Amino acid sequence: MSNRHVRHLRLLSLMILSAVLAGAAGVARAEDPLQEFQPVEKRGRITPFNGAAPLETGKAGSGDSGQLPAGELQPMAKGETGAPVDGAAPSEGVTVFERMGAELPPLPAEKPFEGKPDDAYGAFQRGYYLTAMGLALPRAQLGDRAAQTLVAEILDSGLGVKRDPKAAAFWYEQAANAGDPSAMFKFAVLLMEGRVVPRDPKRADELMKKAADLGNASAQFNHAQTLTADMPGEKGLKAALPYYRKAAEQGIADAQYALSQILINVDGIPEDERATARDWLARAAMAGYDTAELDLALWMIDGIAGERNLEAGFRWMRRAAEGGNVVAQNKLSHLYINAIGTRQDPVEAAKWYVLSRRAGLQDPQLEDFYLGVSDEVQKKALMAANRFRRS
């Protein structure tokens, strides 16, 4: 299934979720982006603008054993070959599986397929779209809901045929009325948008919930988002929690991220469930969700929902920054300045500050730092920033 509809309302819906969570959690933002670490229980942050904690001793890697604990994910930076970034002694090497990170919560076991092979879907999966249409259309006309959904997908995307959104909507509706969860989700989205069919939010919500209850992962995530929007506060979050969890278990990165935030911030969550928050955040980060990468870095550096791991936190921050996350670029500059999880590097610090400033994120502390370095450091940083932008 296309991810286009899965992420259809991500920006608005996650803004709603963040606002609701912020009210439920009651976590204050730090004034100082590099506030001193306080050894008290931390429940996480909804906003990524919390500060990194500097080392107690001022030495990179201290505060723990200096070794990366088993179970912490360590992403490779883009273009990294395994050589140390800061010129330290070469690594003794790790296996591919170690680079991938520790074992995460197991995915649900696949259900064995006991039905009859579908020739139309087989042709579709191999890219033979006209063949798939030829096989599916007669069945769709006879009321086969799976075939109706397949015909709708082909027409909606214009695969091998002329794109026809109205005809696709017709077949989505037929399949939805016949009880196909995927078609219910797709037609619910069309009813919410109101472009191809008349807008009908009430029916859209009904279909979305039915699809979610029948196990459609995208519908589960979107229904959870609707619940958080309709019922602000902990009541809505707790009502949405089962749907977020089901979607997260099926691999929806947005749901994995949302689940991690609810587990760590909402009161009344059992401690054994709360303990899985960082694992779910890690899954979303491993899927390439840059906000999850940023938050995972901050959780590791601040010791939220698990032990502190400065080196791994630094690596996740760099990965998010290299992916274009502006907040991560700003925070990475602070990490280089204060030797948090890495060694001090004024050129790299200035480079990432320049990139975040160009994107519109102002930081008086970093501006003071930048104005205080030598002209040579500024020149190197600007050249590095320009090279990054072009790449």
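Here is a short report on the structure shown in this document. Being a predicted model, the structure only gives us computed values, none of them experimental.

This next bit is on the overall build of the protein. Within the protein, the secondary structure is distributed over 19 helices and zero strands. If you take every contact in the protein between residues at least 6 apart in sequence, the share linking residues at least 24 apart comes to 59%. Taken as a whole, the protein presents about 19,500 Å² of accessible surface, with 54% of it coming from carbon and sulfur.

This next bit is on the packing of aromatic side chains. Considering all chains together, one arrives at seven aromatic pairs under this definition. Plain terms: the ring middles of Phe314 and Tyr336 are 5.3 Å apart, the flat faces sit at 85° to each other, and that makes the pair edge-to-face. One end of the pair, Phe314, is in helix α15 (residues 310–322); the other, Tyr336, is in helix α16 (residues 326–338), and 22 residues separate them in sequence. Of the residues examined, Phe314 reaches a relative accessible area of 5% and is grouped as buried. A centroid spacing of 5.1 Å and a plane angle of 70° characterise the contact between Trp352 and Phe388, whose relative ring orientation is edge-to-face.

An ideal rise of 1.5 Å per residue puts 18 Å on 13 residues; helix α4 (residues 129–141) measures up with 18 Å between its terminal C-alpha atoms. Tucked inside the fold, the buried residues of α4 contact α3 (119–125), α5 (145–157) and α6 (165–177). At the exit of α4 stands Gly143, carrying a positive phi of roughly 100°.

Conventions we followed
Residues numbered from 1 in each chain as written. Predicted model: local features only at pLDDT ≥ 70, side-chain atom pairs only at ≥ 80, totals over all residues. Heavy atoms only, no water. Helix = DSSP H or I, 4+ residues; strand = E, 2+ residues; numbered from the N terminus. Contact = heavy atoms within 4.5 Å. Areas by Shrake-Rupley, 256 points an atom, 1.4 Å probe, with all protein chains shown as cover. Phe/Tyr/Trp six-rings, centres within 6.5 Å; stacked < 30°, edge-to-face > 60°. Buried < 20%, exposed > 50% of the residue type's maximum accessible area, 1.4 Å probe, protein only. Expected span 1.5 Å × (residues − 1).

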